[in-house]
Amino acid sequence: MVLPAAPVLAFGTWLLVQSKAAAGAPTISIFLKPPGVIPPGGSTTICCSCQCDGGNVVLYKDGKQLRTRELRDGSAEFPISNASREDAGPYSCHYLAGGTVLARSETLEITVKEFRLPAPVLSVLPAPEVTAGARVTFRCTITHPRAGCFLYLEGQDRAPDFIHKEQDDFNLPRVHKGNEGRYSCQCYSGAALVEWSDVSNSLDLVVKDYTWSNVGRLVLGAAVLVLLGLIVAEDRHRLRCIRPAGRGGHHAAPSTQSSL
């Protein structure tokens, strides 16, 4: 028995829709690339990321509108070159569509300071590529006895993780795909007068996920392929049913001659 094409196609469409997260109100995030404190004369890029379709992004500083960019592939970038202390301050992004503000980001504080400490070195244990659930340790090493450090994850729109002065490590007890990305660290010393280091080398953490969530995605993909196969099979069946008879299928026409 061949299933009707319309219900099968509808069910396949439903599966595809269910595989995606339900679309809600747009949200926009703001972060620096690369992250960290910027030295005078340095450069960075303010990135505004939005799960949106089209529209514009407006960059604000201290509540004042600076620049507008068209949203492309879900992001808009605002580069800063030859940074000065005037570039320091709070920044935010607004997402607009049809002239209406639909989303506002959190505030990103940009700091411009001279680097007076030596640059730290970032390492990751046991390796830059691990399986989900493994314990990962980031080690930020600096030749300064009283320096605290921040661990940055590029694209992260929340406050960076802090590595205390009495320790060199930051531990992730059970990593998952959300921990994947490009990491770096930056250190500082002092209280009343803070001195900063340059940003360390960057490391890419790759998390291989073999959990049931990925198995579920594979099963979903296989189900869609099976449904498409059923549709193709039904089309072929219909073509066979309506195909005209072959050469050997012709019937002799009845004779209309009559004997005289």
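Residues numbered from 1 in each chain as written. Predicted model: local features only at pLDDT ≥ 70, side-chain atom pairs only at ≥ 80, totals over all residues. Heavy atoms only, no water.

Visitor: Would you mind showing me how to read the sheet that holds strand β12 (residues 136-141) here?
Guide: Working definition: the strands of a sheet are paired by backbone hydrogen bonds and lie parallel or antiparallel to each other. Read across the sheet, three strands follow the order β10-β12-β15 without closing on themselves; strand pairing throughout is antiparallel. Where the open sheet ends on each side, the last strands, each with one partner, are β10 (121-125) and β15 (169-172). Here the strands of the sheet are splayed against their neighbours by 15° on average, with no regard to which way each runs. Taken together, the five bridges between β10 and β12 define a ladder with antiparallel strand orientation. Following the sheet pairing, V121 is matched in β12 by T141. (Pairing = 2+ DSSP bridges. Helix = DSSP H or I, 4+ residues; strand = E, 2+ residues; numbered from the N terminus. Axes fitted to C-alpha atoms, helices over the stretch in contact; angles between N-to-C directions.)

Visitor: Please explain the packing of aromatic side chains as it appears in this structure.
Guide: Working definition: an aromatic ring pair is given by the centre-to-centre distance plus the angle between the planes. Counted according to the given criterion, the structure contains six aromatic pairs. Ring geometry for Y188 versus W196: centroids 5.6 Å apart, planes at 40°, classification tilted. Linked through ring pairs, F150, F162, Y188 and W196 together constitute an aromatic cluster. (Phe/Tyr/Trp six-rings, centres within 6.5 Å; stacked < 30°, edge-to-face > 60°.)

Visitor: Is there a simple way to explain the layout of surface pockets in this structure?
Guide: Taken as a whole, the largest pocket holds about 500 Å³ of empty space. As for the largest pocket, its lining consists of 24 residues, and the residues nearest its centre are L108, E109, Y152, R158 and P160. Residue contributions to the lining of the largest pocket peak at four residues, all from strand β13 (residues 148-153). Per-class residue counts for the lining of the largest pocket are 14 nonpolar, five polar and five charged. (1 Å grid on protein atoms, 1.4 Å probe; cavity = no way out; pocket = protein on both sides within 12 Å on 5 of 7 lines; lining within 4 Å. Points joined across faces, edges and corners; volume = space filled by probe spheres on them. Nonpolar A, V, L, I, M, F, W, Y, C, P; charged D, E, K, R; others polar.)

Visitor: Teacher, can you tell me more about the nonpolar core here?
Guide: One recurring pattern in soluble globular proteins: nonpolar side chains tend to sit buried together. Among the nonpolar cores identified, the biggest contains 22 residues, and I28, I30, I46, V57 and I110 are the most heavily contacted of them. Elements supplying a minimum of two residues to this core: β1 (28-33), β2 (44-50), β3 (56-61), β5 (75-80), β6 (89-97) and β8 (108-110). When neighbours within four sequence positions are excluded, I30 is seen to be in contact with I46, C47, C48, L59, Y91, S92, C93, S105, E106, L108 and D157. (Core = buried A, V, L, I, M, F, W, Y, C linked by side-chain atoms within 4.5 Å. Buried < 20%, exposed > 50% of the residue type's maximum accessible area, 1.4 Å probe, protein only. Contact = heavy atoms within 4.5 Å.)

Visitor: I'm lost on the pattern of salt bridges in this one. Help?
Guide: Pairing is possible between side chains that carry opposite charge, provided their charged atoms lie close to one another. In total, this model carries six salt bridges according to the counting rule given. R182 is the partner of D204 in a salt bridge, and the nearest nitrogen-oxygen pair spans 2.8 Å. Of the two residues, D204 is situated in strand β18 (residues 203-208) and R182 in strand β16 (residues 181-189); the sequence distance between them amounts to 22 residues. (Salt bridge = Lys/Arg side-chain N within 4 Å of Asp/Glu carboxyl O.)

Visitor: I'm lost on the state of the cysteines in this one. Help?
Guide: Two cysteines form a disulfide when their sulfur atoms are joined by a covalent bond. Inspection of every chain in the model, using the stated rule, returns four disulfides. Across the disulfide, C50 is cross-linked to C52 (sulfur-sulfur distance 1.6 Å). With a sulfur-sulfur separation of 2.0 Å, C149 is cross-linked through a disulfide to C187. Judged by the sign of its S-S torsion, about 95°, the bond between C149 and C187 is right-handed. Taken together, the residues C149 in strand β13 and C187 in strand β16 connect sequence positions 38 residues apart. The thiol of C47 is not disulfide-bonded; the next cysteine sulfur, from C48, is found 7.6 Å away. (Disulfide = S-S within 2.5 Å.)

Interpretation in functional terms is not warranted from these geometric data alone.
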